[in-house]
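Observations on chain architecture
As a plain string of letters, each chain reads:
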Amino acid sequence: MNEPPLRLGTRGSKLAMAQSGHVAEALTARTGRPVELVEVVTAGDRSSAPVHRLGVGVFVSALRDALVAGTIDFAVHSYKDLPTATAAGLHIAAVPPRQDPRDALIARDGRTLAELPPGAVVGTGALRRIAQLHALGMPLSVTPIRGNIDTRLARVLGPEADLDAVVLARAGLARIDRSDVITETLDPMLMLPAPAQGALAVECRVDDPDLVELLALLDHAPSRAAVTAERAMLATLEAGCSAPVAAYAELAEGENGDEIYLRGAVISPDGTHEVRLSRTGTPADAAEIGKALAAELLDLGADSILGPQGHDGPGTQQFGSTE
């Protein structure tokens, strides 16, 4: 007897459907189990407010509610949208291979960041990007924007374009086959990514051990280790939605095996104050590396940059959709 399709819950945006479709195809290829996509509308999809003002887990809670209710079997999230606090009864069963986590510039006339003229208007939805653009000290006008990838691209490339450039996650563009519009992939030295940018989280119920085991086939240990380090740093900082925090962990071969190289930064929204540090260690110690780097950032004054508005308590981060 054929097994029924597994129900994969996903947001309905082009990017979310593409991400979930990739996971569904990979799972079917590995296991032979059919998967059907079930669209779930989230509060973030219904609101036009700036992402950083929408609240914690705005793109996540409806999917998790559906998981708990049993109307879907598992869900795929953009990992950077997940609050750092664990959800009772749920488990991240897999972190598939991570896409390139860097940010990308899409500018008129194929320009790079350095080629933008004085006063050029650059749009982005993330406080982290806004802060780092300001920190570069370039004569740019930076404005917050919302909308899916196509909506944002139209503001630069469409017939009614009103921006000179936008900054988006490279991973999102790649997943919907729009890498061709990128005019520059931004060096992390200029624009450090958001914690877990480019990574997906495949989540299911803890009380479904067979599915936990099945989904684990999709897990990519190096990607999970990198994301674990970045999110441990974020959680230890207890940074709220008003605090631009960036982190990027890379795995490389060291003298005694693989090593994690983690870079972290806290930047004031106007770009005038920032603290940047790095730390290395083994993949097995990924969480401890992130916690230690956060402690060092706080020792060097990250606390004063975060300020009272930046501390909303553990697990309350919401840095916006990958789009």
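Residues numbered from 1 in each chain as written. Predicted model: local features only at pLDDT ≥ 70, side-chain atom pairs only at ≥ 80, totals over all residues. Heavy atoms only, no water.

Some words on the overall build of the protein chain
Along the backbone of the protein chain there are 9 helices and 13 strands. Out of the 323 residues in the protein chain, the part that is buried amounts to 52%. Taking the intrachain contacts of the protein chain between residues at least 6 apart in sequence as the baseline, contacts between residues at least 24 apart amount to 71%. Within the structure as shown, the protein chain displays about 13,600 Å² of accessible surface, and the carbon and sulfur contribution to it stands at 50%. (Helix = DSSP H or I, 4+ residues; strand = E, 2+ residues; numbered from the N terminus. Buried < 20%, exposed > 50% of the residue type's maximum accessible area, 1.4 Å probe, protein only. Contact = heavy atoms within 4.5 Å. Areas by Shrake-Rupley, 256 points an atom, 1.4 Å probe, with all protein chains shown as cover.)

Considerations on the nonpolar core
The biggest cluster of nonpolar side chains holds 21 residues, and the ones touching the most others in it are Met233, Leu237, Val245, Ile260, Leu262, Val266 and Leu297. Looking at this core, the elements with two or more residues in it are α8 (221–237), β11 (245–254), β12 (257–267) and α9 (286–306). Per-element tally for this core: the top contributor is α9, with 8 residues. With residues near it in sequence (within four places) discarded, Met233 still touches Val245, Ala246, Ala247, Gly264, Ala265, Gly290, Lys291, Leu293, Ala294 and Leu297. (Core = buried A, V, L, I, M, F, W, Y, C linked by side-chain atoms within 4.5 Å.)

Quick notes on helix α1 (residues 14–31)
Across its 18 residues, α1 extends 26 Å between first and last C-alpha, which sits within 8% of the 26 Å expected from 1.5 Å per residue. Regarding α1, the residues found buried are Leu15, Ala16, Ala18, Gln19, Ser20, Gly21, Val23, Ala24 and Leu27. Of the residues trailing α1, Gly32 is marked for its positive phi of about 80°. (Expected span 1.5 Å × (residues − 1).)

Details of the sheet that holds strand β3 (residues 74–78)
The 5 strands are arranged β2-β1-β3-β10-β4 in an open sheet whose pairing can be described as mixed. Edge positions in the sheet fall to β2 (35–39) and β4 (90–94), since each has one partner strand and no second. Averaged over all pairs of adjacent strands, the angle between strand axes in this sheet comes to 35°, irrespective of strand direction. Direction of pairing for β3 relative to strand β10 (residues 200–205): antiparallel, over a ladder of 5 bridges. Residue pairing across strands places Val76 opposite Val202, the latter belonging to β10. Helix-sheet contacts for helix α3 (residues 61–69) involve β1 (6–10), β3, β4 and β10, and the interaxial angle to β3 is about 165°. (Pairing = 2+ DSSP bridges. Axes fitted to C-alpha atoms, helices over the stretch in contact; angles between N-to-C directions.)

A closer look at the environment of Arg178
In this structure, Arg178 sits in the loop between α6 (170–175) and β9 (184–185). Of the residues examined, Arg178 reaches a relative accessible area of 27% and is grouped as partly exposed. With 25 residues separating them along the chain, Arg178 and Leu153 place their C-alpha atoms 9.9 Å apart. Setting aside residues no more than four positions away along its own chain, Arg178 makes contact with Asp150, Leu153 and Leu173.

Some details on the confidence of the model for the protein chain
Chain-level statistics for the protein chain give a pLDDT mean of 88 and a share of 88% at 70 or above. For residues 44–56, every residue scores under 50 in pLDDT, and the model assigns this stretch 29 contacts once sequence neighbours within four places are set aside. Taken as a whole, residues 309–323 scores under 50 in pLDDT and shows 67 contacts with residues more than four places along the chain or in a different chain. (pLDDT = per-residue confidence, 0-100.)

Comments concerning the pattern of salt bridges
When the charged atoms of two side chains lie near each other, side chains of opposite charge can form a pair. For the structure on display, the rule yields 18 salt bridges. Between Arg102 and Asp100 there is a salt bridge; the shortest N-O distance is 2.7 Å. With a relative accessible area of 28%, Arg102 lands in the partly exposed category. A salt bridge links Arg279 to Glu296, with the shortest nitrogen-to-oxygen separation between them at 2.2 Å. Pair noted here: Arg279 is in strand β13 (residues 274–281) and Glu296 is in helix α9, with a separation of 17 residues, a long-range link. (Salt bridge = Lys/Arg side-chain N within 4 Å of Asp/Glu carboxyl O.)

Some remarks on the environment of Ala226
Note that Ala226 resides in helix α8. Along the sequence, Ala226 and Glu250 sit 24 residues apart, while their C-alpha atoms lie 6.4 Å from each other. For Ala226, the contacting residues outside a window of four places in its chain are Arg98, Ala249 and Leu251.

Some details on the pairing of β12
Bridge count between β11 and β12: 10 bridges; the pairing is antiparallel. By the bridge assignment, Ala247 is partnered in β12 with Gly264. Relative to β13, β12 runs antiparallel, the two sharing 8 bridges. Within β13, the residue paired with Leu262 across the bridge is Arg279.

Structural notes on the sheet that holds β9
If you trace the 5 strands from one edge of the open sheet to the other, you get β7-β6-β8-β5-β9, paired in mixed fashion. Of all strands in the sheet, those bounded by a partner on one side alone are β7 (141–144) and β9. Two elements, strand β6 (residues 121–124) and β7, share 4 bridges in a ladder whose sense is parallel. Each residue of the ladder has a partner; that of Val122, found in β7, is Val142. Packing of helix α5 (residues 149–157) onto the sheet brings it into contact with β5 (103–107) and β8 (165–169), and relative to β8 it is tilted by some 155°.

Thoughts on the side chain of Arg175
By the secondary structure assignment, Arg175 is in helix α6. For the buried residue Arg175, which engages in no salt bridge, the nearest side chain bearing the opposite charge is Asp81, 9.9 Å off. A polar contact of 3.5 Å, which involves the side chain of Arg175, links it to the side chain of Gln19. The residues touching Arg175, leaving out its near neighbours within four places in the chain, are Leu15, Ala18, Gln19, His22, Gln99, Gly198 and Leu200. (Lys, Arg positive; Asp, Glu negative; His and termini not counted. Polar contact = N/O pair within 3.5 Å; in protein donor to acceptor, adjacent residues only side chain to side chain.)

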